[in-house]
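Now for the letters of each chain:
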Amino acid sequence: MRLKVLTLNIHKGFNWRNTQLTLHALKNNLQILHPDIVFLQEVVGENKKYEKKFDDWITNQFEFLAKDLWDDFAYSHHAVFDHKHHGNVILSKFPILSSHVEDLTINNYEKRAILFSKISIEDKTIHAFCTHLNLTNRDRLKQYEILKKFILANIDNHHPTLLCGDFNDWNKRASTNLLDIENLKEVHKTLHGDYGRTFPMMFPMLSLDRIYSKGLIPIKAEVLNSKEWQIISDHLPLYCELDL
């Protein structure tokens, strides 16, 4: 069975200039591609100020994206403020058996988390992790250790694993910290020799977004950089296909 996977930081549903809402365009693009499992970051659950400012504002963006396309979803709901909250999301064509949110927050300005879901696919259970790491390398070094410890506590050699998200890894040190998780490999780098460049969307120079897998065979990996995707966010999506 071939499994289609996509990860994208959706920039809270705005284009890179924060001038245009892009949820409808994003859903249309996803409907055309229709990945089996989608990992999203910076997905808004509620923003009371934007509800008043934008006539076409969509509350619970994950529900809007999932409707009619994916049977199940999980939302981390970890970045909570007075009038708003956002987080990581996993959309799944297959049943999500359970979900857990593990805190990754290092400072008061960047509320981060790991969203961990167990997904049932035929006779297998995929262990899926969606995350978004801090901007500074000093903070990320701490988060790598928390992330690694959490992953090792929840996976084994009997279950395929996916770790996806926005690693903000501009200096490409994430894999150095994660490679000692046995057989956990970044899909784009495995197939092409380097990470996919996903940021900024118009002239992507930095490899911030990643898809790591274990117990799955990489078949295809690419950064989706068409005009249809460039208008969605400040990031480009990373897409792959894996043999289950």
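This is a predicted model, so every value here is computed, not measured.

> What am I meant to see in helix H1 (residues 23-33) here?
An α-helical turn contains 3.6 residues, so any two residues separated by three or four positions project in the same direction. Looking at H1, one finds that the buried residues are Leu-23, Leu-26, Lys-27, Asn-29 and Leu-30. Viewed along the axis of H1, the buried residues span an arc of 160°, placing them on a single side of the element. Exposed residues lying more than 90 degrees from the buried face of H1 are His-24 and Ile-32. In this fold, the buried residues of H1 make contact with strand E1 (2-9), helix H3 (61-66) and helix H7 (227-230). One or two residues past the end of H1 sits His-34, with phi positive at roughly 45°.

> Could you clarify how one ought to interpret the packing of aromatic side chains in this entry?
Each aromatic ring pair is described using two quantities: the centre-to-centre distance and the angle formed by the ring planes. Evaluated as defined, the whole model comprises eleven aromatic pairs. One aromatic cluster in this structure is built from Phe-14, Tyr-50, Phe-54 and Trp-57. The ring of Phe-64 has Lys-27 lying over it, and the distance from NZ or CZ to the ring centre is 4.7 Å. Above the ring of Tyr-195, the side-chain terminus of Arg-210 is found at 3.7 Å from the ring centroid.

> I would appreciate a short explanation of the side chain of Lys-148 in the present structure.
On the secondary structure map, Lys-148 appears in helix H4 (residues 137-154). Apart from residues lying up to four places away in sequence, Lys-148 is in contact with Asn-177, Asp-180 and Ile-181.

> I'm lost on the environment of Arg-210 in this one. Help?
Mapped onto the fold, Arg-210 is located in strand E11 (residues 209-214). Residue classification places Arg-210 among the buried positions, given a relative accessible area of 0%. Spatially, the C-alpha atom of Arg-210 lies 9.3 Å from that of Leu-8, the residues being 202 residues apart in sequence. Leave out the neighbours within four places in its chain, and Arg-210 touches Thr-7, Leu-163, Cys-164, Gly-165, Phe-167, Asp-169, Lys-172, Ala-174, Glu-186, Tyr-195 and Leu-238. Among the polar contacts listed, one links the side chain of Arg-210 to the side chain of Tyr-212, at a separation of 3.3 Å.

> Would you mind going over H4 with me for this structure?
Taking 1.5 Å per residue as the helical rise, H4 with its 18 residues ought to reach 26 Å, and the 25 Å between its terminal C-alpha atoms agrees with that figure. Of all the residues in H4, the buried ones are Asn-137, Asp-139, Arg-140, Gln-143, Tyr-144, Leu-147, Lys-148, Phe-150 and Ile-151. Lining the buried residues of H4 we find strand E6 (96-103), strand E7 (113-121), strand E8 (124-132), strand E9 (161-166) and helix H5 (174-178).

> Help me understand the sheet that holds strand E10 (residues 185-186), please; the structure alone is not making it clear to me.
Strand pairing in a sheet relies on backbone hydrogen bonds. The paired strands run either parallel or antiparallel. One open sheet holds the six strands; their spatial order is E6-E7-E8-E9-E11-E10, and the pairing between them is mixed. One side of each edge strand has no neighbouring strand; the edge strands of this open sheet are E6 and E10. Note that E6 and E7 share seven bridges and pair antiparallel. Its bridge partner being in E7, Ser-98 is matched across the sheet by Lys-118.

> How should unusual backbone geometry be read in this particular structure?
Excluding glycine, most residues fall at negative phi; most peptide bonds, likewise, are trans. Note that the residue after Phe-199, namely Pro-200, is joined by a cis bond; omega there is -10°. For Pro-200, the position within the fold is in the loop between helix H6 (187-192) and E11.

About the criteria used
- Position numbers for residues start from 1 in each chain and track the written sequence from start to end.
- Residues qualify for local features only when their pLDDT is at least 70, as the model is predicted, and side-chain atom pairs are given and counted only at 80 or more; totals for whole chains, interfaces and linings, by contrast, use all residues.
- Based on all heavy atoms of the structure, the side-chain values leave hydrogens and waters out of the count.
- Buried means the residue's accessible area, taken with a 1.4 Å probe over protein chains only, is under 20% of the maximum for its type, while exposed means over 50%, and partly exposed covers the values in between.
- Helix and strand definitions here come from DSSP, where helices need a minimum of 4 consecutive H or I residues and strands a minimum of 2 consecutive E residues; each element is numbered from the N-terminal end.
- This arc is built from the directions going out from the helix axis to the C-beta atoms.
- When checking whether two residues touch, look at their non-hydrogen atoms; a contact exists if any pair is within 4.5 Å.
- Each aromatic pair joins two rings of Phe, Tyr and Trp (for Trp, the six-membered one) with centres within 6.5 Å, and gets the label stacked for planes under 30 degrees apart, edge-to-face for over 60, and tilted for any other angle.
- Charge over a ring is defined by NZ of Lys or CZ of Arg lying within 6 Å of the ring centre and within 35 degrees of the ring normal.
- A 3.5 Å cut-off defines polar contacts: any pair of N or O atoms within that distance qualifies, except that in protein one atom must be a possible hydrogen donor and the other a possible acceptor, and neighbouring residues in sequence count only when both atoms are side-chain atoms.
- In this scheme, a helix's expected span is set at 1.5 Å multiplied by one less than its residue total.
- Note on pairing: DSSP must find at least two bridges between two strands before they are called paired.

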